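As a plain string of letters, each chain reads:
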Amino acid sequence: MERLSSFQQANRAEAEAAVVRLGPRLHNGDLIFQTSTSAQSRAIQLATHSPYSHCGILFRRGNEWRVFEAVQPVSETSLAAWVARGKNGKFVVKRLRDAETVLTPATLKRLQAAGGQYRGKNYDLYFGWSDNRIYCSELLWKMYQQATGRAIGQLQTLREFDLTHPAVQAKLKERYGNRISLNEKVISPVRMFESKELVTVVER
């Protein structure tokens, strides 16, 4: 059962209406971005200079759109619940620029299979690049790279982010102590969001 706060429950009907209205414009394999309300969201926004702090990938299951995402653990949820969980119910959906030719039924199967190997894995609080644990944008980047050979967004190292804000410093201290892996490869939601490999198809 999906757990929603009272605030999210109040927005659930609006989110469901939005999904019904926008659903026909969605395709399997679309990437969806939002501003998360999680505890670490503000630090991610400050470090990356972007409001987008969480992302997932869309697949249709029967008559319902679902979002496959790296939370705790890697799993999927209904699109309506996912939308209601984000800040102000806002989101942006992006699609591979040449999805019509690249995302064939066979490629979509590979994409889902690539995601399936991470299902149930723990969320990576340390943003490492190994497959033992995984975070949201890392999941999507690796799925697309494995299924299509395409890199959706430029990889960076942790030292390339803006780590100067006290809120970011506090989160780094909480996660890493005095051992911050500044050379760790990282893919941020905004680097995927800004990728020229993607085009915007829905913005709410």
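Right, let's walk through the structure included here. (Residues numbered from 1 in each chain as written. Predicted model: local features only at pLDDT ≥ 70, side-chain atom pairs only at ≥ 80, totals over all residues. Heavy atoms only, no water.)

Looking at the state of the cysteines
Then comes step 1: In total, this model carries zero disulfides according to the counting rule given.
Then comes step 2: As a non-bridged cysteine, Cys-136 has Cys-55 as the owner of its nearest cysteine sulfur, 3.9 Å distant.
Then comes step 3: In this structure Cys-136 comes out as buried when scored by relative accessible area, which is 5%. (Disulfide = S-S within 2.5 Å. Buried < 20%, exposed > 50% of the residue type's maximum accessible area, 1.4 Å probe, protein only.)

Considering the side chain of Lys-142
Then comes step 1: Assignment of secondary structure puts Lys-142 in helix 6 (residues 136-148).
Then comes step 2: For Lys-142, a relative accessible area of 7% gives the class buried.
Then comes step 3: When sequence neighbours within four positions are dropped, the list of residues in contact with Lys-142 reads Tyr-118, Trp-129, Ser-130, Asp-131 and Ile-134. (Helix = DSSP H or I, 4+ residues; strand = E, 2+ residues; numbered from the N terminus. Contact = heavy atoms within 4.5 Å.)

Re the packing of aromatic side chains
Geometrically, a pair of aromatic rings is defined through the distance of the ring centres and the angle of the planes.
Then comes step 1: Enumeration according to the criterion identifies four aromatic pairs in this entry.
Then comes step 2: Look at Phe-127 and Tyr-135: their rings are 5.0 Å apart centre to centre, the planes differ by 75 degrees, and that puts the pair in the edge-to-face class. Across the pair, Tyr-135 and Phe-127 agree in class, each one buried.
Then comes step 3: With centroids separated by 5.5 Å and ring planes inclined at 65 degrees, the aromatic side chains of Trp-129 and Trp-141 adopt a geometry described as edge-to-face. Here Trp-129 is found in the loop between helix 5 (105-116) and helix 6, whereas its partner Trp-141 is found in helix 6, with 12 residues between them in sequence.
Then comes step 4: An aromatic cluster is defined as three or more aromatic residues linked by ring pairs; in this entry it consists of Phe-33, Tyr-52 and Phe-193.
Then comes step 5: Against the face of Phe-193 rests Lys-94, its NZ or CZ located 4.1 Å from the ring centre.
Then comes step 6: Note that Lys-142 overlies the ring of Trp-129, its terminal NZ or CZ placed 4.7 Å from the centroid. (Phe/Tyr/Trp six-rings, centres within 6.5 Å; stacked < 30°, edge-to-face > 60°. Lys NZ or Arg CZ within 6 Å of the ring centre and 35° of its normal.)

Focus on the layout of surface pockets
Over the atoms, a rolling probe the size of a water molecule traces out where space has been left empty.
Then comes step 1: Approximately 170 Å³ is the volume found for the second largest pocket.
Then comes step 2: What lines the second largest pocket is Glu-16, Val-19, Val-20, Gly-23, Arg-60, Asn-63, Glu-64, Trp-65, Ser-78, Leu-79 and Ala-80.
Then comes step 3: Sorting the residues of the lining of the second largest pocket by element identifies helix 1 (6-22), strand 3 (64-70) and helix 3 (79-85) as the ones contributing at least two each.
Then comes step 4: At three residues, helix 1 tops the list of elements feeding residues into the lining of the second largest pocket.
Then comes step 5: Residue classes in the lining of the second largest pocket are distributed as five nonpolar, three polar and three charged. (1 Å grid on protein atoms, 1.4 Å probe; cavity = no way out; pocket = protein on both sides within 12 Å on 5 of 7 lines; lining within 4 Å. Points joined across faces, edges and corners; volume = space filled by probe spheres on them. Nonpolar A, V, L, I, M, F, W, Y, C, P; charged D, E, K, R; others polar.)

Focus: the nonpolar core
Then comes step 1: Leu-31, Ile-57 and Leu-139 are the most contacted members of the largest nonpolar core, which totals 45 residues.
Then comes step 2: Here this core takes seven residues from helix 6, the largest share from any one element.
Then comes step 3: Setting aside chain neighbours within four positions, we find Ile-57 in contact with Gly-29, Asp-30, Leu-31, Arg-66, Val-67, Phe-68, Leu-111, Leu-140, Met-143 and Tyr-144.
Then comes step 4: Ranked by size, the runner-up nonpolar core spans 17 residues in total, among them Leu-22, Leu-26, Ile-32 and Leu-79. (Core = buried A, V, L, I, M, F, W, Y, C linked by side-chain atoms within 4.5 Å.)

As for the pairing of strand 4 (residues 74-78)
Then comes step 1: Alignment of strand 3 against strand 4, held across five bridges, turns out to be antiparallel. Within the sheet, the bridge partner assigned to Ala-70 lies in strand 4 and is Val-74.
Then comes step 2: As consecutive antiparallel partners, strand 3 and strand 4 are separated by three residues. (Pairing = 2+ DSSP bridges.)

These figures capture arrangement, not role.
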